[in-house]
Amino acid sequence: MAPSRPDDSPASPPGLETLEIINRLSQLEVLSDWVADVATRLGLSARVSFRLDLVLAEAVTNVIENAYTDGIDHKIFIQVEPITPLLAVTIRDDGQPFNPLDHPEVVPPKSLAEARAGGLGIHLIRSYAQECRYERQGQENQFTILLNSVD
Amino acid sequence: MAFDLSTLEDGTKLATFAGRLDMTATNEMSDSFAFSVANSKGSAIVDLSGVTFLASIGMRMLISAARSLSSRGYKLVLLSPTPEVKEALVVAGFDELIPICDDRDAAMAVLNEPTP
């Protein structure tokens, strides 16, 4: 199924960017291409663009890998709204309740032997974000990340 | 994403990545990177100067290689990441675990330091 970008409703605030993808890891490429376009349209710096790219890739990967158990296609809705001096990044999905903020804070490893895989994605999101919020609304997870929109 | 491998005169491996080190790229090349660098005999320099994006899975590939080399008495050094990639490595705390150098001479100097 091809990804699609829903038309903004007439009431959408200017600058609101939206994307709809399917819960497949192959869609991460669609996501990164879209982020590049959004960064150009919003005039983001290389640093802010990289941060937006990274937090979205990590958050959407978490949803795809953790929020579904039924093996069928689901839509994931992504929104970036500039609210100067912030970018409000929102990810909505209809998977099972999954709060990425439930993952305990990662303690930075003191040695290579201690360094382990779990929780690095959410650690990066938390570190780059001014604020993160999770809500369960009806049958949907809604995860919001507030990023600085300027360096 | 491109991945090239060469061997320097002293036997050090030089792995050069270019492009996005995201989930797709990391999954595609992690086996060959592990085979040719992480599990090889000798230390390695990983040139990140052409890497435009680094996801957590790519970071884990690098840390896994560094751990594998370290366990056998070798080292891994990261060379010339962009400011954005370097920031991500610092945020992850990996700059404390893997040396990050701005040029090849500095990287070679780190590799030639005696292991404590």
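Parameters and conventions
- Residues numbered from 1 in each chain as written.
- Chains lettered and ligands numbered in written order.
- Predicted model: local features only at pLDDT ≥ 70, side-chain atom pairs only at ≥ 80, totals over all residues.
- Heavy atoms only, no water.
- Helix = DSSP H or I, 4+ residues; strand = E, 2+ residues; numbered from the N terminus.
- Contact = heavy atoms within 4.5 Å.
- Areas by Shrake-Rupley, 256 points an atom, 1.4 Å probe, with all protein chains shown as cover.
- Lys, Arg positive; Asp, Glu negative; His and termini not counted.
- Charge placed at Lys NZ, Arg CZ, Asp CG, Glu CD.
- Rg over C-alpha atoms; globule rule 2.2 N^0.38 Å.
- Buried < 20%, exposed > 50% of the residue type's maximum accessible area, 1.4 Å probe, protein only.
- Salt bridge = Lys/Arg side-chain N within 4 Å of Asp/Glu carboxyl O.
- Buried area = accessible area lost by both parts, 1.4 Å probe.
- Polar contact = N/O pair within 3.5 Å; in protein donor to acceptor, adjacent residues only side chain to side chain.
- Nonpolar A, V, L, I, M, F, W, Y, C, P; charged D, E, K, R; others polar.
- Phe/Tyr/Trp six-rings, centres within 6.5 Å; stacked < 30°, edge-to-face > 60°.
- Core = buried A, V, L, I, M, F, W, Y, C linked by side-chain atoms within 4.5 Å.
- Pairing = 2+ DSSP bridges.

Draft legend 1. Quick look at the overall build of chain B. When you go through chain B residue by residue, the secondary structure sums to four helices and five strands. Seen in sequence order, chain B has helices and strands lined up from the N terminus as β-β-α-β-α-β-α-β-α. Dimensions of chain B, computed from C-alpha atoms along their principal axes, come out at roughly 35 × 25 × 25 Å. In chain B, the proportion of contacts linking residues at least 24 apart, taken out of those at least 6 apart, comes to 68%. When the accessible surface of chain B is totalled, it reaches about 5200 Å², and 51% of it is carbon and sulfur. Seen as two clouds, the 9 positive and the 15 negative side-chain charges of chain B have centres 8 Å apart.

Draft legend 2. Up close: the overall build of chain A. Scanning chain A from N- to C-terminus turns up three helices and five strands. Starting at the N terminus and walking to the C terminus, you meet the elements of chain A as β-α-α-β-β-α-β-β. For a compact globule of 151 residues, the expected C-alpha radius of gyration is about 15 Å, and chain A comes in at 16 Å, within 12% of that figure. Considering only C-alpha atoms, chain A reaches an extent of 50 × 40 × 25 Å along its principal axes. In the structure as shown, chain A presents an accessible area of about 7500 Å², 51% of it carried by carbon and sulfur atoms. Distance between charge centres in chain A, computed from 12 positive and 22 negative side chains, equals 4 Å.

Draft legend 3. Here's a closer look at the side chain of Lys13 of chain B. Residue and element names in this part refer to chain B. Of note, Lys13 is situated in strand β2 (residues 13–21). Put simply, Lys13 is tucked away with no salt bridge, and the nearest opposite charge, on Asp10, sits 9.8 Å away. In contact with Lys13, other than residues within four places in its own chain, are Leu5, Ser6, Thr7, Ser36, Ser40, Lys41, Ser43, Ala44 and Ile45.

Draft legend 4. Geometry of the interface of chain B and chain A. Between chain B and chain A, the contact holds 22 residues from the first and 27 residues from the second. Both sides together, the interface formed by chain B and chain A hides about 2000 Å², and carbon and sulfur atoms give 66% of it. The interface formed by chain B and chain A contains three salt bridges. Between Asp53 of chain A and Arg20 of chain B there is a salt bridge, and its shortest N-O distance comes to 2.8 Å. Across the chain B-chain A interface, the total number found is seven residue pairs in polar contact (both at pLDDT 80 or more). Secondary structure elements with two or more residues in the side of chain B that touches chain A: β3 (44–54), α2 (56–71) and α3 (83–91) of chain B. Ranked by the residues each element gives to the side of chain B that touches chain A, the list is headed by α2 of chain B, at seven residues. Partitioning the side of chain B that touches chain A into residue classes produces 14 nonpolar, three polar and five charged.

Draft legend 5. Local environment of the packing of aromatic side chains. Applying the stated criterion to the full structure yields four aromatic pairs over all chains. Here the aromatic rings of Phe50 of chain A and Phe53 of chain B are separated by 5.7 Å at their centres, their planes lie at 50 degrees, and the arrangement is tilted. On the criterion of chain membership, the pair formed by Phe50 of chain A in helix α2 (residues 46–66) and Phe53 of chain B in strand β3 is interchain, its members lying in two chains. Accessibility assignment for this pair places Phe50 of chain A and Phe53 of chain B in one class, buried. Between Phe3 of chain B and Phe17 of chain B, the aromatic rings sit 5.0 Å apart at their centres with planes inclined by 20 degrees, giving stacked as the arrangement. One end of the pair, Phe3 of chain B, is in strand β1 (residues 2–7); the other, Phe17 of chain B, is in strand β2, with 14 residues separating them in the sequence.

Draft legend 6. Here's a closer look at unusual backbone geometry. Cis geometry marks the peptide bond from Thr84 of chain A to Pro85 of chain A, where omega comes out at 10 degrees. Following the sequence through the fold, Pro85 of chain A ends up in the loop between β2 (75–83) and β3 (86–93).

Draft legend 7. Structural detail: the nonpolar core. Counting 77 residues, the largest nonpolar core has Leu52, Leu56, Ile78, Ile91 and Ile145 of chain A together with Phe17 and Phe33 of chain B as its most contacted members. Here the element with the most residues in this core is α2 of chain A; it accounts for eleven residues. Contact partners of Ile145 of chain A, with chain neighbours within four places excluded, come to Val55, Ala59, Leu87, Ala88, Val89, Ile91, Ile125, Ala129 and Glu131 of chain A. Listed in part, the ten residues of the second largest apolar core include Leu8, Ile45, Met108 and Val110 of chain B.

Draft legend 8. A look at the pairing of β2 of chain B. Residue and element names in this part refer to chain B. Of the pairings in the sheet, the one linking β1 to β2 comprises six bridges and is antiparallel in character. Its bridge partner lying in β2, Asp4 is registered against Thr16. The antiparallel hairpin formed by β1 and β2 contains five residues in its connecting segment, where Gly11 sits at a positive phi of about 95 degrees. In terms of strand pairing, β2 meets β3 through eight bridges, oriented parallel. Bridge pairing in β3 links Ala15 to Val46.

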